[in-house]
Amino acid sequence: MSQTKHRPQVAIICGSGLGMLADTLKCQDSFAYSDIPGFPQSTVQGHAGRLVFGELKGKSCVCMQGRFHMYEGHSLLKTTFPVRVFKLLGVETLFVTNAAGSLADGLQPGDIMIIKDHVNFPGLVGLNPLCGPNDDKFGPRFPAMSGCYDKNLRCLAMEIAKQLGVAGLMQEGVYAMVGGPNFETIAEARLLHRLGVDAVGMSTAPEVVVATHCGLRVFGLSLITNKVVKSYEDLDSVNHEGVLEVGRLRSHTVQQLVTELIGRMEINNNTNNAA
Ligand SMILES: O=P(O)(O)O[C@H]1O[C@H](CO)[C@@H](O)[C@H]1O
Ligand SMILES: Nc1nc2[nH]cnc2c(=O)[nH]1
């Protein structure tokens, strides 16, 4: 903390290809992950590996330009370590963003899904960052997850989208985390679709679990970068370059939305409030 004057209230985790969110911060102090004791290193293209502090619309923020994924070989405790650092820095609200594939017919590449809820597939089989001795300093042994994506922030985001003229690109939906790093087989895609999943990715859920455990308010959005192939007749296939490209194309809209939302949201409201 001696290295920066910023005392962040809001933390932002940038998804694949969404690192430009950090560029909007004013009066930046930036630190390479390699210079921060205990921080893992980013190994994925499109995740720069920098922690950026700065101001956004009068609010003090910290932005992870690059997140950690389970498939990189990090333990879940490591992938979510920054969330607990944010809590200790005094952060109240966590913004999580990701790139995801769409399973829902109504979600097209370039659309933005406000995350209403998630299915944490690794968590369902015991791969959960909260496994092991509970640290009561952060939260309870058995935290509720039924309200982990704040309803007020979701509503405010839709209101802002209307004002920005981008409401047509946005809808709420359910995100599922799978382990990766391979993309889905067609049978897996069909299974996820039948289970009611709208978008799938390889991140986010563990961060949200740890954030909710320690009482952070959470807002999440998925940039839809591709349709997940669900038909044996479909010759399309997804690749990481294409994922990053959609991030670049939608960077301005995502930046506008996040900036406005941070500017207009109330701070000091640390209660979980989801429908
Ligand atoms: O979830 P983020 O970090 O946005 O990245 C998504 O994009 C990558 C695949 O292209 C995977 O890492 C997936 O999780
Ligand atoms: N698992 C998964 N992750 C993604 N990240 C971006 N697109 C996808 C996808 O189609 N599947």
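Residues numbered from 1 in each chain as written. Chains lettered and ligands numbered in written order. Predicted model: local features only at pLDDT ≥ 70, side-chain atom pairs only at ≥ 80, totals over all residues. Heavy atoms only, no water.

**Concerning the site of ligand 2**
Test applied: To be near a molecule or strand, a residue needs just one of its heavy atoms within 4 Å of it. Each polar contact in these results corresponds to two N or O atoms within 3.5 Å; when the atoms are within protein, one needs to be able to donate a hydrogen and the other to accept it, and residues that are neighboring in sequence are counted only if both atoms are side-chain atoms. Each accessible area value is a Shrake-Rupley result obtained with a 1.4 Å probe; residue values ignore everything except the protein chains displayed when judging cover. Numbering of helices and strands starts at the N terminus; helices are DSSP runs of H or I of at least 4 residues and strands are runs of E of at least 2. Asp, Glu, Lys and Arg are counted as charged, while Ala, Val, Leu, Ile, Met, Phe, Trp, Tyr, Cys and Pro are counted as nonpolar; the rest, among them Gly, fall into the polar class.
In the vicinity of ligand 2, 13 residues are found, and the nearest of them are Ala-99, Gly-101, Glu-184, Gly-201 and Asn-226. A distance of 2.7 Å is found between a nitrogen atom of ligand 2 and a side-chain nitrogen or oxygen belonging to Glu-184. Burial of ligand 2 by the protein chains amounts to 95% of its free accessible area of 280 Å². Where the shell around ligand 2 is concerned, the elements lending two or more residues are β5 (93-102), β8 (199-201) and β9 (217-227). It is β5 that provides the largest number of residues to the shell around ligand 2, a total of 3 residues. Residues of the shell around ligand 2, tallied by class, amount to 8 nonpolar, 4 polar and 1 charged.

**Regarding the site of ligand 1**
As a structural note, the neighbourhood of ligand 1 is formed by 13 residues, with Ser-16, His-69, Tyr-71, Ser-203 and His-240 the closest of them. Note that an oxygen atom of ligand 1 is positioned 2.9 Å from one of the backbone N or O atoms of Met-202. For ligand 1, the accessible surface in isolation is 350 Å², of which the surrounding protein chains cover 96%. Only β5 and α7 (240-264) provide two or more residues apiece to the shell around ligand 1. The residue inventory of the shell around ligand 1, partitioned by class, reads 5 nonpolar, 7 polar and 1 charged.

**Overview of helix α2 (residues 81-89)**
As a reminder of what qualifies: Remark: exposure states derive from per-residue accessible area (1.4 Å probe, protein chains only) relative to the maximum for the residue type, with buried under 20%, exposed over 50%, and partly exposed in between. A contact between two residues is defined here by any heavy atoms of the two lying within 4.5 Å.
Residues of α2 that are buried include every one of Pro-82, Val-83, Arg-84, Phe-86 and Leu-89, and no others. Against β1 (10-13), β3 (50-56), β4 (59-65), α1 (76-79), β5 and α6 (205-213) lie the buried residues of α2. Looking at the residues trailing α2, positive phi occurs at Gly-90, about 100°.

**Observations regarding the pattern of salt bridges**
For clarity, the threshold we go by: Each reported salt bridge corresponds to a side-chain nitrogen of Lys or Arg within 4 Å of a carboxyl oxygen of Asp or Glu.
As enumerated under the stated definition, the model contains 8 salt bridges in all. For Glu-241, the salt bridge identified is with Arg-248, shortest N-O distance 3.7 Å. Taken together, the shared-partner salt bridges connect Glu-241, Glu-245 and Arg-248 into one network.

**Some remarks on the UniProt feature "domain: Nucleoside phosphorylase" (unreviewed entry) in the chain**
Worth spelling out the cut-off: UniProt positions are given in the numbering used here, feature names are shortened, and annotations may be inferred rather than shown by experiment.
Those places that UniProt annotates as "domain: Nucleoside phosphorylase" (unreviewed entry) correspond, in this numbering, to residues 10-262. Summarising residues 10-262: 28% helix, 26% strand, and an end-to-end C-alpha distance of 8 Å.

**Side note on the UniProt feature "binding site: phosphate" (unreviewed entry) in the chain**
Listed under "binding site: phosphate" (unreviewed entry) in the UniProt record, and renumbered for this structure, are Ser-16, His-47, Arg-67, Phe-68, His-69, Ala-99 and Ser-203. The greatest C-alpha distance among the annotated residues, which extend across 188 residues, is 13.6 Å, indicating that they converge on a single site. Residue Ser-16 is classed as buried on the basis of its relative accessible area, which comes to 11%. Setting aside residues up to four positions removed in sequence, Ser-16 forms contacts with Gly-46, His-47, Ala-99, His-240, Val-243 and Leu-244.

**Let's talk about unusual backbone geometry**
Generally, phi is negative for residues other than glycine and the peptide bonds are trans, each holding for most cases. Note that the residue after Gly-180, namely Pro-181, is joined by a cis bond; omega there is 5°. Along the chain, Pro-181 falls in the loop between β7 (170-177) and α5 (186-194). The backbone of Cys-27 sits at a positive phi, close to 50°, despite the residue not being glycine. Counting through the fold element by element, Cys-27 comes out in strand β2 (residues 26-32).

**Some words on the packing of aromatic side chains**
What counts here: Aromatic pairs are defined between Phe, Tyr and Trp rings, using the six-membered ring for Trp, whenever the two ring centres lie within 6.5 Å; interplanar angles under 30 degrees are classed as stacked, those over 60 as edge-to-face, and all others as tilted.
In this structure the tally under the stated criterion is 6 aromatic pairs. Taken together, a centroid distance of 5.2 Å and an interplanar angle of 55° make the contact between Tyr-33 and Phe-68 tilted. Taken together, the positions of Tyr-33 in the loop between β2 and β3 and Phe-68 in the loop between β4 and α1 put the pair 35 residues apart, joining distant regions of the chain. On the accessibility criterion, Tyr-33 (1% relative accessible area) is buried. With 6.1 Å between their ring centres and 75° between their planes, Phe-39 and Phe-68 make a pair best called edge-to-face. Of this pair, Phe-39 sits in the loop between β2 and β3 while Phe-68 sits in the loop between β4 and α1, and the two are 29 residues apart along the sequence.

**Describing the packing of helix α4 (residues 151-164) against α7**
Using the following cut-off: Fitted lines through C-alpha atoms serve as axes, helices being fitted only where they are in contact, and the angles separating the N-to-C directions of these axes extend from 0 to 180 degrees. Note on angle classes: values under 35 degrees are labelled roughly parallel, values over 145 roughly antiparallel, values of 65 to 115 roughly perpendicular, and the remainder oblique. A clockwise turn of the near helix away from the far one marks a right-handed crossing, whereas an anticlockwise turn of less than a right angle marks a left-handed crossing.
Taken N-terminus to C-terminus, the directions of α4 and α7 make an angle of 125°; their axes are 10 Å apart at the nearest point. One element, α4, and the other, α7, form an angle in the oblique class. Between α4 and α7 lies a crossing of right-handed hand. Contacts between α4 and α7 involve Leu-153, Leu-156, Ala-157, Glu-159, Ile-160, Ala-161, Gln-163 and Leu-164 on the former and, on the latter, Gln-256, Leu-257, Glu-260, Leu-261 and Arg-264. Class assignment of the residues belonging to the contact of α4 with α7 gives a composition of 8 nonpolar, 2 polar and 3 charged.

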